[in-house]
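Working through the structure, step by step
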Amino acid sequence: MRRWLDVGRSAAMMAEMMERTADVVIVGAGPAGCTLAALLAMRGIVCVVFDDDKRPELLVGESLIPGVVPVFQKLGIEDRVAAMSVRKPGASFFVTDGGPRIHFSFKNVEGHLPPYSYNTPRPELDNVLRVRAEELGARFIHARAELVAGMEAGEPVVRLGEASLEKAGLSVDARPLLVDASGRARAFARAMELPAVRGDRNDVAYFAHFEDFDHDEVEPGQVIISVLRAGWSWRIPLPGRLSVGIVVSKEHAKTLGATAEERLEAAIRQEPILATKGQRARRVSPVMTYTNYQLLSERGHGPGWVLLGDAYGFVDPMLSPGLFMSLEGARQLDACVFSQGVDVLRDPARLKKAMDRYCRRIVQWHEAWTELVRYFYDGRIFRIHLAGKNLAMKPSPFNIASVMERHSTFHIASMASGGYTRSRYSRGLMRLLAKHLVWGVAEAENFAVRDVRRTELEKAA
């Protein structure tokens, strides 16, 4: 009986929302925009989403971390995601030429996060999020949003053009909150010429889907990240195929060939850890190229506008945090701002305070992920792992060494899963381990991601 009452209440709420003017306009219908639209609809806040209907065939972000699962559960779509995905039990990290291997199981995070996640085809996942937002009452406009940028009282502002206002059913003097969820297009930042801070890497990724590409899984669905002789690679099991990608410096990419196809195929042939697995492989998709993996806008909001997801900033894909950050950004914006009700949009002082809180959290997330990713790029994570194994093998009173090893593994796995990533204790523990627990272990640079061209030049010198 209660379920029928809830359905009736939802139908009545949706009817009322359709009659009201939009309070929020979201530019972009990717995961961040659609997740926010769904969350707002669940609160009864009217929003419209501008969707330009541009969909690449493949997208980076097919491997998800456990931190996204609670959002799927909140939106009521986990069963749909599971039906089209491969269940992901964890991730493994290899170093080429017989180097160490680390196997992380998401069972380590059970108790504060689901002990699993998914590897999922991204276009299909994006569509599930969009359909769910529509089901909950968000309205989509299949057109490109026209933006007009300027300055008001010394502040950068962006507004919808008259044609877009009309399509959204808004008057020319309407001032809805504008949310930039345009992804890497960064529509607002480009229109207002907002400065951004770039990361210290300048890499490029090439990836495609393959059939009959062997995959030495620890468990079915396990993702493998490999440190190559030049750069690094991912292998992600998807339904009926394997997503294989390489990430290399732009300088090294030029040595692999002239086209994206040549570069990916050359890297697979040249890297022993990939060549043996790809002998029978057949590529069944185009090769996609992605660049500029580390960037964060210096400003996240202003009068009547706010940035969300990749439009605000994007982090390195090494640990698969991209989709998590899009969904977490939507959740944080909802929690910081819209949990106060739609009236917060009418109070500039309250709105600014809420937006400042949202931006602080997003910056904290970026800083935490960037710090964690560095442990993998510079090889320290492998050094910590080897030191922990050595410690666990030594006899100690009350088996303290084994307890310490399990404790550190739990926190590393929890940080990489999106649970304790921002935790002061977990981050401090990593720093402590990297500095004081690595005696008797090879230097971190032996396991670091590097540019083979630079290494060869160093040897020649």
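No experiment lies behind these values; they were computed from the predicted model shown.

**Some words on the sheet that holds strand 10 (residues 177–180)**
The mixed open sheet is built from six strands, whose spatial order is 7-2-1-10-20-19. Single-partner strands in this sheet number two, and they are strand 7 (139–141) and strand 19 (301–302). Summarising the sheet, strand 2 (residues 47–50) and strand 7 pair through three bridges and their orientation is parallel. From the neighbouring strand, Val49 faces strand 7, where its bridge partner is Phe140. Packing of helix 2 (residues 31–43) onto the sheet brings it into contact with strand 1 (24–27), strand 2, strand 7 and strand 10, and relative to strand 1 it is tilted by some 160°.

**Side note on the sheet that holds strand 11 (residues 196–198)**
As summarised here, the arrangement of the three strands in space is 11-18-21, forming an open sheet in which the pairing is antiparallel. Strands at the two margins of the open sheet, each flanked by one partner only, are strand 11 and strand 21 (313–314). Bridge analysis of strand 11 against strand 18 (residues 295–297) gives three bridges, and the strand direction is antiparallel. If you follow Ala196 over to strand 18, its bridge partner there is Ser297.

**Side note on unusual backbone geometry**
The phi torsion at Asp97 lies on the positive side, around 60°, for a residue other than glycine. With a phi angle near 60°, Ser320 is a residue other than glycine that sits in the positive phi range. Structurally, Ser320 can be placed in the loop between strand 21 and helix 11 (322–336).

**With respect to the confidence of the model for the protein chain**
Mean pLDDT for the protein chain: 90, with 91% of residues reaching 70 or above. Note on residues 1–9: pLDDT under 50 across the span, and zero contacts to partners over four residues away in sequence or across chains.

**Focus: the packing of aromatic side chains**
Counted under the stated rule, the structure contains twelve aromatic pairs. On the basis of an interplanar angle of 70° and a centroid distance of 5.9 Å, the ring pair of Phe93 and Phe104 is categorised as edge-to-face. With a gap of eleven residues between them, Phe93 in strand 4 (residues 90–95) and Phe104 in strand 5 (residues 101–105) connect regions that are remote in the sequence. Residue Phe104 is classed as buried on the basis of its relative accessible area, which comes to 10%. One residue, Arg87, lies across the ring of Tyr116, its end atom 3.9 Å from the ring centre.

**Comments concerning the packing of helix 2 against helix 11**
Close contact between helix 2 and helix 11 brings their axes to 8 Å; oriented N to C, the two are set at 30°. Taken together, the axes of helix 2 and helix 11 are roughly parallel relative to one another. Between helix 2 and helix 11 lies a crossing of right-handed hand. Of the residues in helix 11, those touching helix 2 at Pro31, Ala32, Thr35, Leu36, Leu39, Leu40 and Arg43 are Leu323, Ser326, Leu327, Ala330, Arg331, Leu333 and Asp334. For the contact of helix 2 with helix 11, the residue count by class is nine nonpolar, two polar and three charged.

**Some points on the pattern of salt bridges**
This structure, assessed with the given rule, holds 21 salt bridges. Between Asp51 and Arg55 there is a salt bridge, with its nearest N and O atoms 2.7 Å apart. Residue Asp51 is classed as buried on the basis of its relative accessible area of 1%. A single salt-bridge network, built from bridges that share partners, covers Arg80, Arg132 and Glu135.

The rules behind each value
- Residues numbered from 1 in each chain as written.
- Predicted model: local features only at pLDDT ≥ 70, side-chain atom pairs only at ≥ 80, totals over all residues.
- Heavy atoms only, no water.
- Pairing = 2+ DSSP bridges.
- Helix = DSSP H or I, 4+ residues; strand = E, 2+ residues; numbered from the N terminus.
- Contact = heavy atoms within 4.5 Å.
- Axes fitted to C-alpha atoms, helices over the stretch in contact; angles between N-to-C directions.
- pLDDT = per-residue confidence, 0-100.
- Phe/Tyr/Trp six-rings, centres within 6.5 Å; stacked < 30°, edge-to-face > 60°.
- Buried < 20%, exposed > 50% of the residue type's maximum accessible area, 1.4 Å probe, protein only.
- Lys NZ or Arg CZ within 6 Å of the ring centre and 35° of its normal.
- Parallel < 35°, antiparallel > 145°, perpendicular 65-115°, else oblique.
- Left-handed = near helix turned anticlockwise from the far one by under 90°.
- Nonpolar A, V, L, I, M, F, W, Y, C, P; charged D, E, K, R; others polar.
- Salt bridge = Lys/Arg side-chain N within 4 Å of Asp/Glu carboxyl O.

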